[in-house]
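# Report on the structure
As a plain string of letters, each chain reads:
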Amino acid sequence: MANSFDLTVLLRDNIRNLTPYSSARNEFKGEASVLLDANENAYGSPLDSNYNRYPDPLQQQLKVKLSGIKGVPPRNIFLGNGSDEAIDILYRAFCRPGVDNVILVPPTYGMYEVSANINDIATKKVNLTADFQLNLEGIAEAIDAHTRIIFLCSPNNPTGNSLHREDVETILANFNGLVVIDEAYINYSRQKTFIQELTEYSNLVVLQTLSKAWGLAGLRLGMAFASEEIIEIFNKIKPPYNINQATQELALKALENVDKVNGWIRETVSERDKLSAGLSALEFVLHVYPSDANFILAKTANPRPIYDYLVERSVIVRDRSKVELCEGCLRITVGTPDENKLLMDALGEFAFAR
Ligand SMILES: *Cc1c(COP(=O)(O)O)cnc(C)c1O
């Protein structure tokens, strides 16, 4: 299997032949004082802002700002209404419904499968190994002539670990389709991002988000980093104004706060490691998986009574025990020191009450 990646072969015919919607803001991009081209309300907005105007369809200012933070040119950045929009566009651009397939490596983020199902794309599943790493042989066997995308998530949700970098590179170097690496939790990881590998691998798409470390889940801003050719395809398909003006302005403002965010990341990592040690010491916790993320996967003999006990104490964790390879597991997001103490106190009382 030698990589002979060819984007034009992957692209669906209907997308290649598509004439994209051309908005007023696409056709006239300069500065002008009388804008009578987009049927907007010329009188203003009730919010005393420029919300009466359509936003920049390509979010140039925001991309320039992100470019400085991420070390990648704006032309290699796509912004979506959450990472989920980028995932959906990948299916619509490169996978023919009822014909093509993608490879998923469970247990992993649920949206890859949901989006595949919505788009009528078959999924081939190659489970992670017992230590939640890639089964390279299994993946190689699963690839067929219609396999378009392999979705990897590192650090992985819900397991928390990073995938071995050499394994990911083996796939990148040998697979003829796209390799998507979802780095939603990269800021908490000891591993470095794959963004800098974009120049090396033309089949690479890296997903990141402002929803986790940046504390902006409510804004819905996801990022895809890829070759200029791939980003152009994304831009061709996306709804013209997929990132609203308020989000563009607020994200731009938020991105001024790199130091604050880095402080939270350091604190979260330190709390995570404390929490891991605390959980390991509980006799009903069988195993605490190593985490490179802002959550911890903990295996217990019987998760339901623990979950219910915590709910009674107003502490909500995620029961992942029905997920394959995660039997008995709870997924616990790292909270503030106060929240983590409440959690550990409750778990200590649970142990005592039994
Ligand atoms: C939380 C999460 C995301 C973020 O999705 P958004 O739509 O950007 O909020 C993406 N991927 C994974 C694996 C996640 O856990």
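Quantities reported herein were computed from a predicted structural model and do not represent experimental measurements.

With that out of the way, let us pick up the nonpolar core. Leu-134, Ile-139 and Leu-152 are the most contacted members of the largest nonpolar core, which has 52 residues in total. Here this core spans two domains, since at least three of its residues come from each of domain 1 (7-256) and domain 2 (259-353). Beyond its immediate sequence surroundings of up to four residues, Ile-139 is in contact with Ile-103, Val-105, Val-126, Leu-134, Ile-150 and Ile-171. In this structure, Leu-7, Ala-86, Tyr-91 and Cys-153 belong to the second largest nonpolar core, which totals 33 residues.

A separate point is the side chain of Ser-321. Mapped onto the elements, Ser-321 comes out in the loop between strand S10 (318-319) and strand S11 (329-333). A residue is classified by how much of its surface remains accessible, and Ser-321, at 12% relative accessible area, is buried. Within the local environment of Ser-321, its side chain forms a polar contact with the side chain of Asp-319, the two groups lying 2.5 Å apart. When sequence neighbours within four positions are dropped, the list of residues in contact with Ser-321 reads Pro-303, Cys-326, Glu-327, Gly-328 and Cys-329.

Residues given the UniProt feature "modified residue: N6-(pyridoxal phosphate)lysine" (unreviewed entry) here are Lys-212. Looking at the secondary structure, you find Lys-212 in the loop between strand S6 (204-209) and strand S7 (222-225). You can call Lys-212 partly exposed: its relative accessible area is 29%. Excluding residues that lie within four positions of it along the chain, Lys-212 makes contacts with Ala-184, Tyr-185 and Tyr-188. Side chain to side chain, Lys-212 and Tyr-185 meet in a polar contact 3.1 Å long.

A word on the sheet that holds S11. Sheet strands pair via backbone hydrogen bonds, and the direction of the pair is either parallel or antiparallel. Spatially, S8-S9-S11-S10 is the arrangement adopted by the four strands of the open sheet, whose pairing is antiparallel. In this open sheet, the two edge strands, each paired with only one partner strand, are strand S8 (285-288) and S10. Relative to S11, strand S9 (residues 295-300) is paired through five bridges, and the arrangement is antiparallel. Across the sheet, residue Ile-296 finds its bridge partner in S11, namely Ile-332. Each of S9, S10 and S11 touches helix H12 (residues 303-312); the most contacted strand, S11, lies at about 30° to it.

Moving on, we come to the domain arrangement of the protein chain. Examined at the domain level, the protein chain breaks down into domain 1 (7-256) and domain 2 (259-353). The straight-line distance from the C-alpha centre of domain 1 to that of domain 2 is 30 Å. The partner domain 2 presents 20 residues to the 22 residues of domain 1 that form the contact. In this assembly, domain 1 packs against domain 2 so that about 1,700 Å² is buried in total across both faces, 60% of it on carbon and sulfur atoms. It is Phe-132, Pro-158 and Tyr-188 that lose the most area in domain 1 upon contact with domain 2, and together they represent 35% of the buried surface on that side. Here domain 1 is connected to domain 2 by one salt bridge.

Near the ligand, the surroundings consist of 13 residues, among which Asp-182, Tyr-185, Ser-211, Lys-212 and Arg-220 are the closest. Taking Asn-157, its side chain carries an N or O atom lying 2.9 Å from an oxygen atom of the ligand. Between the ligand and Ser-211 there is a distance of 2.7 Å, counted from an oxygen atom to a side-chain nitrogen or oxygen. Its residues assigned to classes, the shell around the ligand comprises four nonpolar, five polar and four charged.

Between its terminal C-alpha atoms helix H11 (residues 258-280) stretches 33 Å, which fits the 33 Å expected from 23 residues at 1.5 Å a residue. All of the buried residues in H11 are Val-261, Ile-265, Thr-268, Glu-271, Arg-272, Leu-275, Ser-276 and Leu-279. Residues of H11 that are buried in the fold lie against S8, S9, S11 and helix H13 (337-353).

This paragraph deals with the side chain of Thr-108. Its location among the elements puts Thr-108 in the loop between strand S2 (101-104) and helix H6 (111-118). In terms of polar contacts, Thr-108 uses its side chain to reach the side chain of Asn-156, at 2.8 Å. Once you skip the residues sitting within four places of it in the chain, Thr-108 turns out to touch Cys-153, Asn-156, Asn-157 and Pro-158.

Turning to the pairing of strand S4 (residues 147-153), a few remarks are in order. The element S4 is extensively covered by neighbouring structure, given that seven of its seven residues are classed as buried. As paired strands, S2 and S4 are joined by four bridges and run parallel to one another. Following the sheet pairing, Leu-104 is matched in S4 by Phe-151. In the classification by handedness, the crossover that spans S4, the intervening helix H8 (residues 165-174) and the parallel strand S5 (residues 178-182) is right-handed.

Take the UniProt feature "domain: Aminotransferase class I/classII large" (unreviewed entry) in the protein chain next. With numbering aligned to this structure, UniProt lists the feature "domain: Aminotransferase class I/classII large" (unreviewed entry) at residues 48-347. Helix makes up 37% of residues 48-347 and strand 17%, and the two end C-alpha atoms of the span are 50 Å apart.

Where H11 contacts H13, the two axes come as close as 11 Å, and the packing angle between them is 10°. Comparing the axis directions of H11 and H13 gives the class roughly parallel. Residues Glu-267, Glu-271, Leu-275, Gly-278 and Leu-279 of H11 pack against Pro-337, Asn-340, Leu-343, Met-344 and Leu-347 of H13. Of the residues contributing to the contact of H11 with H13, the split by class is six nonpolar, two polar and two charged.

Scoring rules and cut-offs
Residues numbered from 1 in each chain as written. Predicted model: local features only at pLDDT ≥ 70, side-chain atom pairs only at ≥ 80, totals over all residues. Heavy atoms only, no water. Core = buried A, V, L, I, M, F, W, Y, C linked by side-chain atoms within 4.5 Å. Buried < 20%, exposed > 50% of the residue type's maximum accessible area, 1.4 Å probe, protein only. Domains from an automatic or database assignment. Contact = heavy atoms within 4.5 Å. Helix = DSSP H or I, 4+ residues; strand = E, 2+ residues; numbered from the N terminus. Polar contact = N/O pair within 3.5 Å; in protein donor to acceptor, adjacent residues only side chain to side chain. UniProt positions renumbered as here; feature names shortened; annotations may be inferred. Pairing = 2+ DSSP bridges. Axes fitted to C-alpha atoms, helices over the stretch in contact; angles between N-to-C directions. Buried area = accessible area lost by both parts, 1.4 Å probe. Salt bridge = Lys/Arg side-chain N within 4 Å of Asp/Glu carboxyl O. Near = heavy atom within 4 Å. Nonpolar A, V, L, I, M, F, W, Y, C, P; charged D, E, K, R; others polar. Expected span 1.5 Å × (residues − 1). Right-handed = clockwise from strand over helix to strand, strands pointing away. Parallel < 35°, antiparallel > 145°, perpendicular 65-115°, else oblique.

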